[in-house]
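# Understanding the architecture of this molecule
Below, each chain spelled out in residue letters.
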Amino acid sequence: MTILVTGGAGYIGSHMVFELLDHGEKVVVIDNLTTGFDWAVPDRAELVIGDIGDKKLVERVIRDFKVEAVIHFAGSVVVPESIEKPLDYYRNNTSNSRELLDAVVNCGVDKFIFSSTAAVYGTPMTTGPIREDAILNPMSPYGSSKLMTEIMVRDAALASDLRYVMLRYFNVAGCDALKRTGQSTKGATHLIKIACEAALGKRPFMGVFGNDYDTPDGSCIRDFIHVSDLVNAHYAALNFLRQGGLKFTANCGYSKGYSVLEVIEAVKRISGNDFPVMMEPRRPGDIPALTANSHRLKSRLTWSPRFDDLDTIIKTALDWESALEQRRKSA
Ligand code: UDP
């Protein structure tokens with residue numbers, strides 16, 4: 001039996017592929033390579049280049065590879081871009097997920113793990129780490145497109161044998177400690193990646209999008225989770241489903257927040273490189289502060305974090321950024 005990883009050539013998906021292979025699993029990836037890279041998928045996994053919205057292709061892959069479970073990462077992930085191109089997000093994240101789910105249910109696959117996001121919550125009504133039973137009120141098409149898929153998964157499961165886990169990611173960063181894969185997206189917009197690029201001289205400066213929020217230093221607060229801990233939570237989710245688990249939704253974060261300015265200072269300290277930082281206007285769609293209550297993940301899945309430390313996250317991200325530079329020079 002094989003695990004199908006959609007978006008397995010992308011940042012989180014490729015880490016998932018290594019996690020599964022490290023546990024002796026068989027893996028097939030479907031990725032259309034719009035943001036992923038074929039080199040990020042190791043030879044030990046099969047790569048099928050194609051779109052998850054292509055139901056016939058997905059059904060063929062499920063049958064040919066005797067797929068036991070689907071871990072679904074493929075999609076678009078940038079909040080401000082989703083505000084500019086909402087229909088692209090509803091296609092990539094919602095419509096294509098519908099086609100994928102249709103194929104999954106048609107073929108009788110009964111285990112489904114979905115990459116959801118903290119963006120489904122919108123601006124929390126309360127302060128402090130947010131729980132899974134908080135009101136769901138996305139503030140961006142990205143969050144809405146993911147919430148719509150959560151609802152589809154839930155409803156499909158009610159009408160079929162499908163069992164599922166939805167993992168709501170907070171801010172994912174860092175890279176594989178063995179440097180086998182990492183965050184390689186061109187034109188990346190995520191904070192730690194941008195700060196690492198600035199620290200390594202790949203960009204002349206970076207901006208802070210708003211320092212007038214109602215937070216201790218005025219910049220936004222986020223809960224950063226190391227990508228290797230995140231994919232390990234997916235492996236725990238797979239085992240939950242294998243043991244007969246029916247449905248489960250959990251936040252993925254460390255229940256700790258760091259401000260944008262704190263992250264930038266940490267990148268400067270760890271890299272040993274200073275770089276110019278400009279204060280810029282607020283970015284549309286940004287939530288002032290978002291941290292996870294991760295009690296449910298820890299208590300219900302066999303999961304405990306191994307990289308729960310901002311410095312470790314940043315160090316692995318910097319290492320990968322340097323490795324990417326070497327790869328570029330030797331290409
Ligand atoms: N951010 C920033 N400068 C950048 C990139 C991000 O100030 O160059 C801020 C962004 O406005 C947000 C936080 O960093 O407050 C996290 O943004 P990111 O895009 O990494 O993730 P998001 O929380 O939007 O998913």
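Below is a short write-up of the structure. What you see is a predicted model; the values in this text were computed from it and never measured.

### A closer look at the overall build of the protein chain
Scanning the protein chain from terminus to terminus reveals 10 helices and 14 strands. Taken over the C-alpha trace, the protein chain has a radius of gyration of 19 Å; the compact-globule value for 331 residues is 20 Å, and the two agree within 12%. Overall, the C-alpha framework of the protein chain stretches about 55 × 50 × 35 Å when taken along its three principal axes. Within the protein chain, contacts between residues at least 6 apart in sequence are counted, and of these 78% link residues at least 24 apart. Here the protein chain has roughly 14,400 Å² of accessible surface; of this, 51% comes from carbon and sulfur atoms.

### Regarding the site of the ligand
Near the ligand there are 14 residues, and of these Leu 191, Gly 207, Arg 222, Arg 283 and Asp 286 occur at the shortest range. Side-chain polar atom of Asn 171 to an oxygen atom of the ligand: 3.0 Å apart, as the coordinates give it. Leu 191 has a polar backbone atom sitting 2.8 Å from an oxygen atom of the ligand. Within the complex, 90% of the 520 Å² of free accessible area of the ligand lies under protein.

### Examining the pattern of salt bridges
This model, assessed by the stated rule, comprises 26 salt bridges. Where Asp 102 meets Lys 55, a salt bridge forms, and the shortest distance between an N and an O atom there is 3.2 Å. Here Asp 102, found in helix α4 (residues 86–106), pairs with Lys 55, found in helix α2 (residues 55–64); they are 47 residues apart in sequence, far enough to count as distant. A residue is classified by how much of its surface remains accessible, and Asp 102, at 21% relative accessible area, is partly exposed. Among the charged side chains, a salt-bridge network with shared partners connects Glu 25, Glu 68, Asp 110, Lys 111, Arg 163 and Arg 242.

### Quick look at the packing of aromatic side chains
For the coordinates displayed, the defined rule picks out five aromatic pairs. When the centroid spacing of 6.5 Å and the interplanar angle of 35° are considered together, the rings of Tyr 121 and Phe 170 count as tilted. Highlighted residues: Tyr 121 in the loop between β5 (111–117) and α5 (141–158) and Phe 170 in the loop between β6 (163–169) and β7 (171–173), separated in sequence by 49 residues. Phe 170 matches Tyr 121 in its accessibility class, with the two residues each being buried. Members of the aromatic cluster, joined through ring pairs, are Phe 37, Trp 39 and Trp 320. Taking NZ or CZ as reference, Lys 268 lies 5.1 Å from the ring centre of Phe 275, over its face. Here the guanidinium or amino end of Arg 282 rests over the ring plane of Tyr 213, the centre of that ring lying 4.0 Å away.

### Topic: α4
Spanning 21 residues, α4 covers 29 Å between terminal C-alpha atoms, matching the ideal 30 Å at 1.5 Å per step. Along its length, α4 shows its largest kink, about 30°, at Ser 97. Considered for burial, the residues of α4 that qualify are Tyr 89, Asn 93, Thr 94, Asn 96, Ser 97, Leu 100, Leu 101, Ala 103 and Val 104. Packing partners of the buried residues in α4 comprise β1 (2–6), α2, β4 (67–72), α3 (79–84), β5 and α5. Taken from the residues just after α4, Gly 108 is the one with a positive phi, measuring 80°.

Parameters and conventions
- Residues numbered from 1 in each chain as written.
- Predicted model: local features only at pLDDT ≥ 70, side-chain atom pairs only at ≥ 80, totals over all residues.
- Heavy atoms only, no water.
- Helix = DSSP H or I, 4+ residues; strand = E, 2+ residues; numbered from the N terminus.
- Rg over C-alpha atoms; globule rule 2.2 N^0.38 Å.
- Contact = heavy atoms within 4.5 Å.
- Areas by Shrake-Rupley, 256 points an atom, 1.4 Å probe, with all protein chains shown as cover.
- Near = heavy atom within 4 Å.
- Polar contact = N/O pair within 3.5 Å; in protein donor to acceptor, adjacent residues only side chain to side chain.
- Salt bridge = Lys/Arg side-chain N within 4 Å of Asp/Glu carboxyl O.
- Buried < 20%, exposed > 50% of the residue type's maximum accessible area, 1.4 Å probe, protein only.
- Phe/Tyr/Trp six-rings, centres within 6.5 Å; stacked < 30°, edge-to-face > 60°.
- Lys NZ or Arg CZ within 6 Å of the ring centre and 35° of its normal.
- Expected span 1.5 Å × (residues − 1).
- Bend = angle between axes of the 7 residues up to and from the residue.

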